[in-house]
Structure formats: structure tokens, C-alpha cells
Amino acid sequence: MDNFKLAVGALAADLIKHSANEAAKGYMYRPSDKDELAQTLVSSDAFIKLRTYWMGMGLMEETGFVHFRASIDDSDQNTTYKKARRFRATPALLELAQSYQLTAANVTEHFERCHSHASVLQVRSTKDGDYNFPKGGKLIKQSGPRFQERRTEVETLNRYLARHKFNLSDQPMLRRIFNCGDRKGFDFNLGGRFYCASDDDWMQMPKEKRKAIMIDGEPTCEIDVSSSQLSILYAIQGETLAYDPDPYQIDGISREVTKRIIVASIGRGKPPSRWPRSFNDDFISEHGYHPRDRYKLKDVVSSILARHPVLSSLEPEKLDWAILQFEEAECFLKAMQCLYELQDIPSLPVHDSLIVKQRDHELASTVLKDEYKERLGFIPQVKMTLDSGFAMAA
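Here the structure is a predicted model, which is why all the values come from computation and not from measurement.

Enquirer: What is the right way to look at the overall build of the protein chain in this model?
Expert: Helix and strand counts for the protein chain come out as 13 helices and 15 strands. By residue count, 48% of the 394 residues in the protein chain fall in the buried class. Here the protein chain displays about 19700 Å² of accessible surface, and carbon together with sulfur accounts for 49% of that area.

Enquirer: For this particular structure, what's the right way to read helix H8 (residues 228-236)?
Expert: One full turn of an α-helix is made of 3.6 residues, so residues set three or four places apart face in the same direction. For H8, the buried fraction is high: eight of the nine residues fall into the buried class. Along H8, the residues that are buried comprise Ser 228, Gln 229, Leu 230, Ser 231, Ile 232, Leu 233, Tyr 234 and Ala 235. At its buried positions, H8 is contacted by strand S9 (191-196), strand S11 (218-225), helix H9 (255-268), helix H11 (297-307), helix H12 (321-343) and helix H13 (361-376). Just downstream of H8, Gly 238 is the residue with a positive phi angle, here 75°.

Enquirer: What should I look at first to understand the pairing of strand S13 (residues 353-357) in this one?
Expert: Each regular strand shows side chains that alternate between the opposite faces of the sheet. Here S13 lies mainly inside the structure; five of its five residues are buried. Bridge analysis of strand S12 (residues 348-349) against S13 gives two bridges, and the strand direction is antiparallel. Paired with Leu 348 across the strands is Ile 355, a residue of S13. Between the end of S12 and the start of S13, which pair antiparallel, lie three residues, with His 351 showing a positive phi angle near 65°.

Enquirer: Hey, could you run me through H12 in this one?
Expert: Between its first and last C-alpha atoms H12 spans 33 Å; for 23 residues at 1.5 Å apiece the expected length is 33 Å, and the two agree. Of all 23 residues that make up H12, 19 are buried, and the element is covered over most of its length.

Enquirer: In this structure, what is going on with the environment of Tyr 234? I would like to understand it.
Expert: As for its position among the elements, Tyr 234 is in helix H8. Sequence separation between Tyr 234 and Ser 313 is 79 residues, and the spatial gap between their C-alpha atoms is 9.7 Å. Setting aside its immediate chain neighbours within four residues, Tyr 234 contacts Glu 239, Thr 240, Leu 241, Arg 307, His 308 and Val 310. Side-chain polar atoms of Tyr 234 contact the side chain of His 308, separated by 2.8 Å.

Enquirer: How should I be thinking about the packing of H8 against H12 in this particular structure?
Expert: Between two packed helices, both the angle of their axes relative to each other and the distance between the axes serve to describe the pair. Remark: H8 packs on H12, axes separated minimally by 9 Å, with the N-to-C direction vectors making an angle of 100°. The angle between H8 and H12 falls in the class roughly perpendicular. Contact residues: Ser 228, Gln 229, Ile 232, Leu 233 and Ile 236 in H8; Trp 321, Ile 323, Leu 324, Gln 325, Glu 327 and Glu 328 in H12. A class-by-class count of the residues in the contact of H8 with H12 yields six nonpolar, three polar and two charged.

Enquirer: Could you clarify how one ought to interpret the packing of aromatic side chains in this entry?
Expert: How two aromatic rings sit relative to each other is given by the distance of their centres and the angle of their planes. One pass over the structure, following the stated rule, counts 10 aromatic pairs. Consider the rings of Phe 47 and Phe 87, whose centres lie 5.1 Å apart with planes at 90°: the pair is edge-to-face. On the criterion of sequence distance, the pair formed by Phe 47 in helix H3 (residues 44-56) and Phe 87 in strand S4 (residues 81-89) is long-range, its members being 40 residues apart. For Phe 47, a relative accessible area of 8% gives the class buried. For Phe 87, a relative accessible area of 1% corresponds to the buried category. Taking the centre distance of 4.2 Å and the plane angle of 25° together, the rings of Tyr 160 and Tyr 340 count as stacked. Separated by 180 residues along the polypeptide, Tyr 160 in helix H6 (residues 145-162) and Tyr 340 in helix H12 bring together distant segments of the chain. Here Tyr 160 matches Tyr 340 in class, with each residue buried. Each member of the aromatic cluster is reached from another via a ring pair, and the members are Phe 147, Phe 178, Phe 186 and Phe 188. If you follow Arg 86 out to its NZ or CZ, it ends over the ring of Tyr 27, 4.6 Å from the centre. One cation-aromatic arrangement involves Arg 294 over Tyr 289; the distance from NZ or CZ to the ring centre is 3.8 Å.

Enquirer: Just checking my understanding: could you explain the nonpolar core for this structure?
Expert: It is characteristic of soluble globular proteins that their nonpolar side chains tend to be buried jointly. Core analysis: the biggest nonpolar cluster contains 82 residues, and Trp 202, Val 257, Ile 261 and Tyr 372 have the highest contact counts within it. At 13 residues, H12 tops the list of elements feeding residues into this core. If we ignore the near neighbours within four places in the chain, the residues touching Val 257 are Trp 275, Phe 279, Phe 283, Tyr 289, Pro 291, Tyr 295 and Val 300. With 16 residues, the next largest nonpolar core counts Ala 7, Ala 46, Leu 50 and Ala 89 among its residues.

Scoring rules and cut-offs
- Residues numbered from 1 in each chain as written.
- Predicted model: local features only at pLDDT ≥ 70, side-chain atom pairs only at ≥ 80, totals over all residues.
- Heavy atoms only, no water.
- Helix = DSSP H or I, 4+ residues; strand = E, 2+ residues; numbered from the N terminus.
- Buried < 20%, exposed > 50% of the residue type's maximum accessible area, 1.4 Å probe, protein only.
- Areas by Shrake-Rupley, 256 points an atom, 1.4 Å probe, with all protein chains shown as cover.
- Contact = heavy atoms within 4.5 Å.
- Pairing = 2+ DSSP bridges.
- Expected span 1.5 Å × (residues − 1).
- Polar contact = N/O pair within 3.5 Å; in protein donor to acceptor, adjacent residues only side chain to side chain.
- Axes fitted to C-alpha atoms, helices over the stretch in contact; angles between N-to-C directions.
- Parallel < 35°, antiparallel > 145°, perpendicular 65-115°, else oblique.
- Nonpolar A, V, L, I, M, F, W, Y, C, P; charged D, E, K, R; others polar.
- Phe/Tyr/Trp six-rings, centres within 6.5 Å; stacked < 30°, edge-to-face > 60°.
- Lys NZ or Arg CZ within 6 Å of the ring centre and 35° of its normal.
- Core = buried A, V, L, I, M, F, W, Y, C linked by side-chain atoms within 4.5 Å.

Function cannot be read off these values alone, since they describe shape.
Below you can see the structure in the form of C-alpha cells.
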């Protein structure tokens, strides 16, 4: 009964809070997978009951099933589509809440944000689904010393973050996701990127909006590792990526097209045989064309392989995105740990970049370079983006 009461409060608070989201017309997503719901206060059984009761009472409405992107970052090889419904509060529920002086603006003052059910370390199976709608891997239950060791690393980072103040609507909390847990030889050494586990997801924010993030009342900057996974691929093959000229600049081909084809090659473990999904309506709206209208894919791939023959060494399940992503994530893990140990410097990861206070940018850049050098044997090119949008080598 106590768990069901928690579920009632959690779902009500979510519905009320999301009612103010005009862009989503007050709707919120809820996954259909039982294992996904188990990571929240509203279990699958509780959600089925509440959905039946509240819709019957006219307190909640829903849409049919939809597929939504798990990430808006086209460079994230974990970008998948999840099956979910959208739900929103009806006017009747909002009027009932208002009678108790509960509104979207003050709901967080009356409901405590609870992370007790949040799994800060997850292991997922290999991605499933088709080319157009790749599905995220299923959750794989884990236990044992190695799992606990990895979980403790994330819990420690979250305790560090809790010591500092951020101008986000929810105290930031990290989750680390390892992938391909069903692959032979898996030992928490595939994938491993950090993701936001709290309510206000800074990783999903457009880069322009992230510039407004404040830490302890101070302005921040974002430190990016240039061509991170491509440079790691070079290092694994015993070579060094040349940053000059720009690795993504190839004569006769748009830089953005080159970059997305390289990202797709790493994600697939081989060069793409058709134009990647990332060249979608958003790309056309921003750039005014689809690459197929200007280039032949085979010619683009041929030019890229001539510039970066190391991409031919990619091989699914042997040398692919999961391996490169793990190496990258380990460098960022060590860098975040080192910054805390040296001077209690907080940082927010965004896959291949770190958000830190502007006054900490020099030390953070040095530490990040040192971790790449120690683990992979090369010093990456690191750039810092300031409030003005000006990027400079760090």
C-alpha cells in the first residue's frame, strides 16, 4: 500500500508539472517496457491501475503508442527510438490540484524529488530494431563485485555534485550506461557513457542554452575534445590523428556531411551503404538540402576513406562504437575524479565535453588532456566555448 501511495503522488506530480510544457501541449512520455518503469516510483502494475482509474475518472488522457528519440544528439551512437505513450492531465485534474493550491509552478515545493529508485548504473543488451527505428537494448540485471565497483564510481561522482549549486531546476545526477552486455567477453568495457539521471537534462539542451548554466553562481564554459572517437580509433591502431587540416574538411564535400558520415561509420562498424538517418528534415531545414541531391554516397565514402584509411579497420563487435565509446568515457571518468580530488572542482559531462566554471577551464583542459595521454598515448585537441560562442584552443 505504501508503494502505491508513492506511485499516486509521483504520477500526479509529473502530470501537474508537465501541464505547463506548452511546446509538448502538456504531454509527457511514459515508456511501455516493464523494466523501464521499474526504474521509477511508478511500477508497471501501479501504472496500469492508475491509468485505468484516472482515465475512467476523467483525470488523465493518453495518445496511442509512438516512437521517440532517446537522444537529440546525432553524434551519440546510443541514439535509439523507444516505444511509449504520451499522457497529460485533464482540466479536471488541474482544477482538483488547484483546489489544494497545487500548480505546475509550485509542485516541486509540495513533492520531494526522489531518486531512490533511479539506477545510476545500467547494463543493456545489444541494440535491436531496424535501420529506421533502432531500439535500445534491454536492461540486463547485474550484481557482483565488478558491478558494485562501477556503481560506486558513479555514486561518488553524484555525492560530489551534491556539494555544489546549479541553476538547473533539479540537482544534477549522473547515470552510466554500459552497452552490449550480451556480447561475449563483456566486462563493463563496452559503451559506458554518462547520462543525466535527474529531471533537468542538461545533455538534451541545445548547446546555446547550456551556456547559461551556472555552477555555484559562476558562469561556465564547455570544454570539447575535438574528433574524440576518431582520434581514439587512430590511437588504437597505433597512429595519431592530424588535427591540421581539420579532420572533417575534405575538398568538395560539406564539413557537416563528412562529419556525419564518419560518425555513422563508427556507429555501424563500417561505412554506411545508404544515407544515415541524421540527414533528416531537421538537417534539410537547417542546410537547405539533402546530401543525396548534391553527392553520390559512394564518392563521399571513398573520399573519406582516402583521408582516413583507419576507418577501414572498423569491424562490428570487434572494433566499433562500443569500444571507442568506452575508452572515451573512461578518460572523462578519470578527469572528473581528478578535478574533485585536486580542488573539489565540479563538472557536468556531455559525452565528449565537460562543463566547468570558467575560472577552472585551464586546469580542466590540462587534466582532460593528461587522461587521454595516460590511457591512449596521445594529447587530444581541446576547445573551449565561452558565453559569446567564441571557441578557442585550450
